[in-house]
Amino acid sequence: MKLKKILALLLALCLIVTAAAACGDGKKGEKLKVATSPDFAPMAFVDTSKQGQEQYVGFDMMLARYIADEMGMELEIMPMSFDACTTAVSMGTVDMAISGFSWRQDREDGFNLSDFYYPGDNESDQVVIVRKEDEGKYTKAEDFNGVKVGAQTSSLQESLCQEQLPGCEIVVVGDLGTALLQLKKGDFDAMAVAKGQADVFMSNDSDVALSGFQFEVDEKYTANVIVLKKGNDDLTKKVNDILKKAYDAGVYGEWYDEAKEQAMSATAQEVTIEDEPSSGEEGTEGGESSQLESE
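The numbers attached to residues start from 1 for each chain and follow its sequence in the written order. For a predicted model such as this one, the threshold for reporting local features is a pLDDT of at least 70, and the threshold for listing and counting side-chain atom pairs is 80 or more; totals across whole chains, interfaces and linings nevertheless cover every residue. Each side-chain value is worked out from all heavy atoms of the structure, with water and hydrogens disregarded.

**Student:** Provide a residue-level description of helix H3 (residues 82–91), including the pertinent values.
**Tutor:** Each residue is placed in one exposure class: buried if its accessible area under a 1.4 Å probe, protein chains only, is under 20% of its type's maximum, exposed if it is over 50%, and partly exposed if it falls in between. What counts as a helix is a DSSP run of H or I of at least four residues, what counts as a strand is a run of E of at least two, and both are numbered from the N terminus. All of the buried residues along H3 are Phe82, Ala84, Cys85, Thr86, Ala88 and Val89. The criterion used for residue contact is that any of the two residues' heavy atoms lie within 4.5 Å. The inward-facing, buried residues of H3 abut strand S1 (31–36), strand S5 (96–101), helix H4 (105–110), strand S8 (148–152) and strand S12 (225–228). Immediately beyond the C-terminal end of H3, within one or two residues, lies Gly92, with a positive phi of roughly 80°.

Rendered as structure tokens:
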């Protein structure tokens, strides 16, 4: 009889432990690997006053930490170039990429995309910046005929330039910090960026101004998505459930305001990641903070 009671107690204890473990979406100590390109304030950038994982800040980093906490997992932010983020997802070296991604049909075709999340005006407002002496010079699409316009490769801004500025000459750039230097140097005459990014650039650099032109943005581009590996439906569902929880809690606006404030601080810095070739291929994941180069 005593043996039966002991076995019953052990079984009950096992059920309690199992139920507790099931409350989280991940195992304690298990890492959630998230790729990001920290050259895109206020979405993802670096706070130079911090070290290690804590140095990666911005709206997307707040979201990544929220997702990891909700899943009961340890977050590992893996900094890399914008292009390398999706490559890393395809290769399975990260679980997801959170880096200001807009919905695009090719991304829908090649990956699992999360439901939308809403980072303030960072996606709904898309603008063109210029050198200060050209402020207000370009107010309509025809003004860009024959003009060189920089846009990040595979970005929403590149697509908008193709669709709405057909007469311009698009200069594809890798990262936005370096692109800003190219703009100031005269490698191109204007650069298409999200309004949130433009605000940060203009706040930190008086040599940059708005061109006078703003893109028309379709509703489907006014939010962001998280990129996951094609077929990873279980993780995608978990992420979508967490995004709904964040939306219902009304935290997006608070995060975005905090991220913009961070981005305009003296310790904020957008950084360029030099991706190291892996197995003879370009565009694989970058390394830790020792591989970060200042813009």
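**Student:** Account for helix H6 (residues 176–185), naming residues and giving values.
**Tutor:** An α-helix turns once per 3.6 residues; consequently, residues spaced three or four apart project the same way. Turning to H6, its buried residues number three or more, namely Leu176, Gly177, Ala179, Leu180 and Leu183. Looking straight down H6, one finds its buried side chains confined to an arc of 160°; they lie on one side. Looking at the buried side of H6, the elements it contacts are strand S7 (126–131), S8, strand S9 (169–173), strand S10 (190–194), helix H7 (195–204) and strand S11 (208–214). Count one or two residues on from H6 and you reach Gly186, which has phi positive near 100°. Note that the arc is computed from the directions linking the helix axis to the C-beta atoms.

**Student:** An account of the sheet that holds S9 is requested, with residue identities and associated values reported.
**Tutor:** The strand order S9-S8-S10-S7-S11 describes an open sheet built from five strands, whose pairing is mixed. Edge strands, defined here as strands with exactly one partner in the open sheet, are S9 and S11. Ignoring strand direction, the axes of neighbouring strands in this sheet form an average angle of 35°. Being paired, for any two strands, means DSSP has found at least two bridges between them. As paired strands, S8 and S9 are joined by five bridges and run parallel to one another. From the neighbouring strand, Ala151 faces S9, where its bridge partner is Val172. Convention adopted: a line fitted to C-alpha atoms gives each axis, helices being fitted over their contacting stretch, and angles between N-to-C directions are expressed from 0 to 180 degrees.

**Student:** Break down the packing of aromatic side chains for me, with residues and values.
**Tutor:** Two aromatic rings from Phe, Tyr or Trp, using only the six-membered ring of Trp, form a pair when their centres are within 6.5 Å; if the ring planes differ by under 30 degrees the pair is stacked, by over 60 it is edge-to-face, and anything between is tilted. Using the criterion set out here, one finds 13 aromatic pairs in the structure. Between Phe82 and Phe101, the ring centres sit 4.9 Å apart and the planes meet at 25°, which makes this aromatic pair stacked. Residue Phe82 is located in helix H3, and its partner Phe101 is located in strand S5; the two are separated by 19 residues in the primary sequence. The residues Phe82 and Phe101 share a single accessibility class, namely buried. A centroid spacing of 6.0 Å and a plane angle of 65° characterise the contact between Tyr252 and Trp255, whose relative ring orientation is edge-to-face. Note that Tyr252 and Trp255 are positioned in helix H9 (residues 252–263) at a spacing of three residues, about one turn of the helix. Owing to a relative accessible area of 5%, Tyr252 belongs among the buried residues under this scheme. Within the aromatic cluster, the residues linked to one another by ring pairs are Phe59, Tyr66, Tyr117, Tyr118, Tyr247, Tyr252, Trp255 and Tyr256.

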